[in-house]
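Each chain is listed here by its residues.
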Amino acid sequence: MLEQGKISIRQATLLMVLTILATAILFLPSIATVQAGQEAWISALIATANGIIISLLVVTLMRRFPEQTIIQYSEDILGKFLGKIVGLGYFWFFLHTNAIIIREFGDFLVAAFMPKTPLIVFNSMIVILAVLAIRSGLEPLGRLNEWIFILFSSILIFFTVFLIHEMQVENFLPVLERGIVPALKGAVTPTSWFGEIILLSMIFPFLTQPQRGYRVAIGAHLIVGAFLLIGVVQSVSIFGPELVSAFKFPIIQTVRLISLGEFLERIEVLIMVIWVAGVFVKVSVFHYATVMSAAQLFNLTDYRPLAIPLGILVVILSIHLFQGVVDLVEFLSVTFPVYALSTFEVGIPALLLVIALIRGKGAKNVPNKKNN
Amino acid sequence: MCQIKKIIKNILTGAIIVFLLLNVGCWDLNEVEDITLMIATGFDFQPEEELISYTSHLIRPAGLAGEEEGGGAPGVGPVWISTSTGKNIFEASLNLAARSSRVLFEAHTRIIVVGEELARQRVNELVDFLIRRREQRLNSWILVAREGTAAEVLQAETELEDTVSQEIEGILDNQQRLSTAPRVQVREFVSSLIQPGKDSFVPVLEVREEIQPPEEDLLAAQPEGETKKYIVLQGTAVFSGDKLAGYLTVPETKGLLWVQGEVGRAVIIPEKPDGGQVTVFISRARSSLEPKFKEDKLKIKIEIETEGDIGSSNIREDISDPLVIEKLESKLANNIKQEVLLAFDKSQEYQSDFLHLGAAFRREDPQKWAKVKENWRQNLSEVEVEVRVITELRRTGLTTDPVIREE
């Protein structure tokens, strides 16, 4: 085994929650309202439902191979050659998606808070942190994340509590003005974020109780869905759908309105706190998956030596993949959903599951491991 | 193997330490000595030269510092009222750098004054500036300078406060007990500008002149009859799309505020036949719109519920008599109704849906709304409006009867 540590069900759930939520909370209100208008909250619900369907699919696959990661069992299912190709594909998917996330991270900080600081500073900082985190293994990351989750969620709840009096329900009316289609369209991009649950396949063998895998994926999606719903309701009810879709980062504009007796105000810097903390977890999990998949692809005995070189690679990619923020948003909202959902998030896992069923590979029931 | 690892680890640690040492502090450092806080901005458009002028109140550090010992440096006010011009708003704001020794910091702007010409011609540019700029906050107050420029407003003299911007903010707060003007934040302005079936409205600032009475103090040696410019917040500017359509008078403004349910403390005076008056303080107001699509007809029922207290009275009738109170209530209701109808008439005249009736129709039935929304502003004139007002006088102050009774 490459990884000696084990993480509990709760740690895995929270790890998945922050992995999905960290970026979604910032972008979802705006991306969903562009398509769905005042029905963006329905989009959030639909996306959550889609996410649960995806997690049923991928966890069913994972449960057949509780001791292996997707890199390893794709070889079992498809044979050595095709399996390696799929593995290489996943390696690329993790690396590429991670580069996109790092770019989003840096772009947000430059655009919203520090316009004069070069992008590469933020990008390399977050990767250095991620490299340090994963070199100490999955277990410390899981434990650290429990604290980060408390920080993250309490700040979000704090925002909502102080914004309740600004919300106006009439901004949600009329419901389903143009039918259900806009709401469905608005759900496509968020669904691809929920599809990031495929990362669970890289840490699934290291769960203490793999038989409770469904709980991890579905629990994570429900928590993420709840926070996203609150986020959408908050921004749309305060600003109205037209204005929210004009914003790049609606959460900043909403938090700027918080004013408690002209005393507690201008607290939008807290957004930077949740953004840096959340993206740190997200990038760490993605980098862990990248490094782990590379190590397993080449049958290495340790994944740690790969952390730094791949970290450098991902920073370079994050800088050079996109020209500017227009490219990035275009890719994220148009290309990425189709690309990710059709292949690595749903397409390939579904294919693997079907072939595994036909060829009778993997265990039907997860054995109860007692002494691990 | 182990040794190599150790060496790598040491090198990495060393590299990080060096890296951190070289990056002490923050790239986007803005020392407070190098910035100047902007507390109010005025935007003007000069159509002849096609120029935007950008007037701002910048806090003058010296002006504030010595306040306790009697007003800082002599002859220097607490703010510098600076003006710069440019081909567009952003350029105008940048051009100030040629005169300002400090970097402009816009995040403390509380007041945004829009000159009349800009409100007529360049609102789209203003909205873009306010939303795109990182430092601009959407909860600052927006106002229109009527028949004048924003620069004139910001250069007016103050009465109680140190700066005009503080004074405007105070007046915005204080006039709510009069309800002579609405209070509009930038975000409300922009969102009603872009929502279907809504038009924006903004409070109006006017600069007035008054002849200063000659000073008693001979030492002051002030020339007799010097004029003093001061600001008044009164009325509403309404937009049709992104263009200023016209102005509402005070009664029309009150009508608008009734429909918005925002009348805090309007003072209404129902006149009695014998010339007596009763003043009512409104303590609560609520409104609801009930649109109806009849075949070929659009009908809307505006329902307003208010509660009020009697603030003053010089009628000789007995206020403790429920019948008198009832009569007063119906007078008050009629009064409110008239104001709402006045506002609605202006809405049709200016083709500006500042009462947000279209949005109510849209909420009621989006399919039927889709048929009328094309020329909604023209269709406004075909809307039939019915106003129902329910008033309740709850309290009569600390006395009930007229103190001086009829003989």
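Small disclaimer: the values here were computed from a predicted structure and weren't measured.

Peer 1: It is not clear to me how the interface of chain B and chain A should be interpreted in this structure. Could you clarify?
Peer 2: Accessible area lost on assembly of the parts is the figure often given for the size of an interface. With 28 residues of chain B at the interface, the matching set in chain A holds 33 residues. Roughly 2,900 Å² of surface becomes buried between chain B and chain A when both sides are summed, with 55% attributable to carbon and sulfur atoms. Taken as a group, B:Arg134, B:Arg137 and B:Arg187 account for 23% of the area that chain B buries against chain A, more than any other trio of residues on that side. Seen at the junction of chain B and chain A, the total is 4 salt bridges.

Peer 1: What is the right way to look at the nonpolar core in this model?
Peer 2: If you look at the biggest cluster of nonpolar residues, it comprises 215 residues, and the most contacted ones within it are A:Phe108 and B:Phe189. Considering every element that reaches this core, the biggest residue donor is helix H12 (residues 269–297) of chain A, with 18 residues. Both domain 1 (30–248) and domain 2 (251–407) of chain B contribute no fewer than three residues apiece to this core. Sequence-distant contacts of A:Phe108, defined by excluding residues within four places in its chain, comprise A:Leu26, A:Phe113, A:Phe249, A:Ile252, A:Ile271 and A:Trp275.

Peer 1: Quick question: what am I supposed to make of the domain arrangement of chain B here?
Peer 2: Residue and element names in this part refer to chain B. For chain B, the domain assignment lists domain 1 (30–248) and domain 2 (251–407). Interface area, domain 1 with domain 2, both sides summed: about 1,900 Å², of which 58% is carbon and sulfur. The tally of links between domain 1 and domain 2 comes to 1 salt bridge. Here Asp199 and Arg377 are joined by a salt bridge, their closest N and O atoms 2.8 Å apart. When residues of the side of domain 1 that touches domain 2 are traced back to their parent elements, those giving at least two are strand E8 (227–240) and strand E9 (243–248). Considering each element in turn, the side of domain 1 that touches domain 2 owes the most residues, 5 residues, to E8.

Peer 1: I tried to follow helix H7 (residues 164–174) of chain B on my own but got confused; where do I start?
Peer 2: In an α-helix, one turn spans 3.6 residues; hence positions three or four apart end up facing the same way. Every buried residue of H7(B) is listed here: B:Val164, B:Ser165, B:Glu167, B:Ile168 and B:Leu172. What you see down the axis of H7(B) is that its buried residues fit within an arc of 155 degrees, all on one side.

Peer 1: Explanation requested: the packing of helix H4 (residues 80–112) of chain A against helix H14 (residues 325–345) of chain A in the structure shown.
Peer 2: All names here are of chain A. H14 packs onto H4 with a crossing angle of 155 degrees between their chain directions and a minimal axis gap of 12 Å. One element, H4, and the other, H14, form an angle in the roughly antiparallel class. Regarding H4 and H14, the two cross each other, and that crossing is left-handed. Between H4 and H14, the contacting residues are Gly89, Tyr90, Trp92, Phe93, His96, Thr97, Ile100, Arg103, Glu104 and Asp107 on the first element and Val325, Leu328, Phe331, Leu332, Phe336, Tyr339, Ala340, Phe344 and Glu345 on the second.

Peer 1: So what exactly am I meant to see when it comes to the packing of aromatic side chains here?
Peer 2: Geometrically, a pair of aromatic rings is defined through the distance of the ring centres and the angle of the planes. Residues and elements named next belong to chain A. On inspection of all chains with the given rule, the structure shows 29 aromatic pairs over all chains. With a centroid separation of 4.6 Å and 15 degrees between ring planes, the pair formed by Phe65 and Tyr73 is classed as stacked. The pair Phe65 / Tyr73 is uniform in exposure class, with both members buried. Taken together, the ring pairs connect Tyr90, Phe93, Phe94, Phe322, Phe331, Phe336, Tyr339 and Phe344 into an aromatic cluster.

Peer 1: Just checking my understanding: could you explain a nonpolar patch on the surface for this structure?
Peer 2: All names here are of chain A. A contiguous nonpolar surface patch, about 470 Å² in accessible area, is contributed by Leu173, Val175, Leu176, Ile180, Val181 and Leu184. For Ile180, the location among the structural elements is in the loop between helix H6 (138–163) and helix H7 (181–194). Given the relative accessible area of 41%, Ile180 is considered partly exposed.

Peer 1: Hey, could you run me through the side chain of A:Lys282 in this one?
Peer 2: Checked against the element boundaries, A:Lys282 lands in helix H12. With sequence-adjacent residues up to four places away left out, A:Lys282 is seen in contact with A:Leu18, A:Thr19, A:Ile20, A:Ala22, A:Thr23, A:Ile101 and A:Glu196.

Peer 1: Looking at this structure, how should I read the pattern of salt bridges?
Peer 2: Working definition: two side chains of opposite charge can pair if their charged atoms are close together. Throughout the structure, instances matching the rule amount to 33 salt bridges over all chains. Between A:Arg143 and A:Glu139 there is a salt bridge; the shortest N-O distance is 3.4 Å. Residue A:Arg143 and its partner A:Glu139 are located together in helix H6, separated by 4 residues, close to a single helical turn. For A:Glu139, a relative accessible area of 29% translates into the label partly exposed. Of the charged contacts, one joins B:Arg394 and B:Glu307 as a salt bridge, the two residues approaching to 3.1 Å between their closest N and O atoms. Here the residue B:Arg394 occupies a position in strand E13 (residues 383–395), and B:Glu307 occupies one in strand E12 (residues 297–313), the gap between them amounting to 87 residues. Using a relative accessible area of 16% as the deciding quantity, one classes B:Glu307 as buried. Here the residues in one salt-bridge network are B:Arg284, B:Glu307, B:Glu392 and B:Arg394, joined through shared partners.

About the thresholds
- Residues numbered from 1 in each chain as written.
- Chains lettered and ligands numbered in written order.
- Predicted model: local features only at pLDDT ≥ 70, side-chain atom pairs only at ≥ 80, totals over all residues.
- Heavy atoms only, no water.
- Contact = heavy atoms within 4.5 Å.
- Buried area = accessible area lost by both parts, 1.4 Å probe.
- Salt bridge = Lys/Arg side-chain N within 4 Å of Asp/Glu carboxyl O.
- Core = buried A, V, L, I, M, F, W, Y, C linked by side-chain atoms within 4.5 Å.
- Buried < 20%, exposed > 50% of the residue type's maximum accessible area, 1.4 Å probe, protein only.
- Helix = DSSP H or I, 4+ residues; strand = E, 2+ residues; numbered from the N terminus.
- Domains from an automatic or database assignment.
- Arc of directions from axis to C-beta.
- Axes fitted to C-alpha atoms, helices over the stretch in contact; angles between N-to-C directions.
- Parallel < 35°, antiparallel > 145°, perpendicular 65-115°, else oblique.
- Left-handed = near helix turned anticlockwise from the far one by under 90°.
- Phe/Tyr/Trp six-rings, centres within 6.5 Å; stacked < 30°, edge-to-face > 60°.
- Patch = residues over 30% accessible without salt bridge, like charges linked within 9 Å, V, L, I, M, F, W, Y side chains within 5 Å.
- Areas by Shrake-Rupley, 256 points an atom, 1.4 Å probe, with all protein chains shown as cover.

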